[in-house]
Amino acid sequence: MPLRNYGVWKGTPVSYIIEYEEDDNKSPHLSLYFSDKRGPTHHSTHNLNRARRGNKEIPGLLRAAINIKSGDKRESRLTYWADHNFNNHPIVNSLADLSWGFSSLEDTEPNPAGVRLDYIRCNLFNVTTGRILPHDVPGSDNDIIDVLEPEVKQAIDDKADIYLFGEPFSDRKGIHNVHMNQGNVEQFAGDDGVFQDGGLFINYPRSGRWFGIFLGFASQATHTDNRTGHAISSETWGDYLGRKRRAAELTEDSVIIDEALISPESSDPRARRRSVTLTNPKDHTIPLSSWKIKNSAGEYQTLPRNAALDAKSTQAFDIPDVHLSMLGDTITLLNEQGLKVDGVSYTSQQGFERQAIAFAH
């Protein structure tokens, strides 16, 4: 069964507690305490950073239980993506308009243009930037605590706005499942679903900067069924971001979306038309027959039967059947099996520039 009452909680971070290896070596969490009311709070911000035994509630505050270790005994590491400038994704406009408190997303449209998160279908991040991290090991910048704690501290110090995606506790005193919720191993497959992934966004009002944190488990699949969210490929994030990446031909490595022309400058039919430019970074030719380019509305362009990219080559493909919104959109490249190869997104500001948008990889 997918998550119950999936949604997003808008609030202000106040304090946090971390469970280290000696505190909980099975299912540790980072508990982020927050208020969903505007105005000052009267709780200390940094004197609670070590775990406490027993009840983890703090009177007057809500709690986000953020997993920092997997319950899978065979693979307990997490995958982690961070975007320190998330302003270029169209979802931020919708988030900024949300009211304080919890907003249920159960009745909203589950598609890449909506507010619901999907790590595979919403093109939220460049998958190649991810890291696989253990829970708690000696040293610096080498475990999930080392990368999460500084971001949480800064959000508290700057009195930032936070947006927590996941599932509320049954008592409505907080939220959990703030991580990818699809492609799970069999033990947790009952939580699988599409457009119901967790995540944490931080908005710093003074600078206007948005920051996105995305957590998954190394054992989760990189490809899932479009209806159930169950794994449809044996390839995991551990494979893609780990050792197998250097030894195998993985789907996501094969072709890259380099740029897109959203709105051509001229109505002259001889001028360049709406198109997407693809690059093959490999040392061999890649056939593109039956590959598709898709937007957030589900419109797609099937590439010609003779389409192919030579080794280390780049080519633009016209997409007359796919409308790319000037208000911001996602662009996804699917192979002949329907598996995602690459995905990008752009905002309304980029869409109205009337020139090709280049995407960084």
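Look up a bit, the structure's there.
So, here's what we can say about the structure. Please read these numbers as outputs of a predicted model, since none were measured by experiment.

**Some remarks on the overall build of the protein chain**
Okay, step 1: When helices and strands are tallied, the protein chain shows five helices and 20 strands.
Okay, step 2: Buried residues in the protein chain amount to 55% of all 361 residues.
Okay, step 3: Long-range contacts, defined here as pairs at least 24 residues apart, represent 69% of the contacts in the protein chain between residues at least 6 apart.
Okay, step 4: Of the roughly 16,800 Å² of accessible surface on the protein chain, a fraction of 47% belongs to carbon and sulfur atoms.

**Looking at the sheet that holds strand β19 (residues 340–347)**
Okay, step 1: Here we have four strands laid out as an open sheet, ordered β15-β14-β18-β19, and antiparallel in their pairing. Whereas interior strands pair on both sides, the edge strands pair on one side only; in this sheet they are β15 (300–302) and β19. Within the sheet, the average angular offset between the axes of one strand and its neighbour, ignoring direction, is 15°.
Okay, step 2: Here seven bridges tie strand β18 (residues 328–334) to β19, and the two strands are oriented antiparallel to one another. Residue pairing in the sheet places D329 in a bridge with Y346 of β19.

**Some remarks on the pattern of salt bridges**
Okay, step 1: Summed over the entire model, instances satisfying the criterion amount to 10 salt bridges.
Okay, step 2: With a closest N to O distance of 3.6 Å, K173 and E57 form a salt bridge. Taken together, the residues span a long stretch of sequence, with K173 in the loop between β7 (161–168) and β8 (174–176) and E57 in the loop between β2 (29–35) and β3 (62–67) at a distance of 116 residues.
Okay, step 3: By relative accessible area, E57 is classed as partly exposed at 38%.
Okay, step 4: Notably, a salt bridge pairs D283 with K312, separated by 3.6 Å at the nearest N-O pair.

**Examining the packing of aromatic side chains**
The description of an aromatic ring pair uses the distance of the two centres, along with the angle that the planes make with each other.
Okay, step 1: Tallying each qualifying case throughout the model produces 15 aromatic pairs.
Okay, step 2: Measuring from ring centre to ring centre gives 4.9 Å for W81 and W237, while their planes differ by 75°; the resulting arrangement is edge-to-face. Pair noted here: W81 is in strand β4 (residues 78–83) and W237 is in helix α3 (residues 237–241), with a separation of 156 residues, a long-range link.
Okay, step 3: By relative accessible area, W81 is classed as buried at 0%.
Okay, step 4: Ring centres 5.0 Å apart and planes at 50° place the aromatic pair F86 and F201 in the tilted group. Within this pair, whereas F86 is found in the loop between β4 and α1 (91–96), its partner F201 is found in strand β9 (residues 199–204), the two being separated by 115 residues in sequence. Residues F86 and F201 agree in their burial class; the two are buried.

**Focus: the nonpolar core**
As a rule of thumb, nonpolar side chains are buried together in soluble globular proteins.
Okay, step 1: Among the nonpolar cores identified, the biggest contains 34 residues, and L30, L32, Y80, I144, L164 and I202 are the most heavily contacted of them.
Okay, step 2: Elements with a minimum of two residues in this core: β1 (7–18), β2, β3, β4, α2 (144–157), β7, β9 and β10 (209–217).
Okay, step 3: The element that contributes the greatest number of residues to this core is α2, accounting for seven residues.
Okay, step 4: Ignoring any residue separated from it by four or fewer positions in sequence, one finds L32 in contact with P13, S15, Y16, L62, R63, A64, I66, V152, I162 and L200.
Okay, step 5: Within the second largest apolar cluster, 31 residues are counted, among which are V115, C122, F214 and L241.

Cut-offs and rules
- Residues numbered from 1 in each chain as written.
- Predicted model: local features only at pLDDT ≥ 70, side-chain atom pairs only at ≥ 80, totals over all residues.
- Heavy atoms only, no water.
- Helix = DSSP H or I, 4+ residues; strand = E, 2+ residues; numbered from the N terminus.
- Buried < 20%, exposed > 50% of the residue type's maximum accessible area, 1.4 Å probe, protein only.
- Contact = heavy atoms within 4.5 Å.
- Areas by Shrake-Rupley, 256 points an atom, 1.4 Å probe, with all protein chains shown as cover.
- Pairing = 2+ DSSP bridges.
- Axes fitted to C-alpha atoms, helices over the stretch in contact; angles between N-to-C directions.
- Salt bridge = Lys/Arg side-chain N within 4 Å of Asp/Glu carboxyl O.
- Phe/Tyr/Trp six-rings, centres within 6.5 Å; stacked < 30°, edge-to-face > 60°.
- Core = buried A, V, L, I, M, F, W, Y, C linked by side-chain atoms within 4.5 Å.

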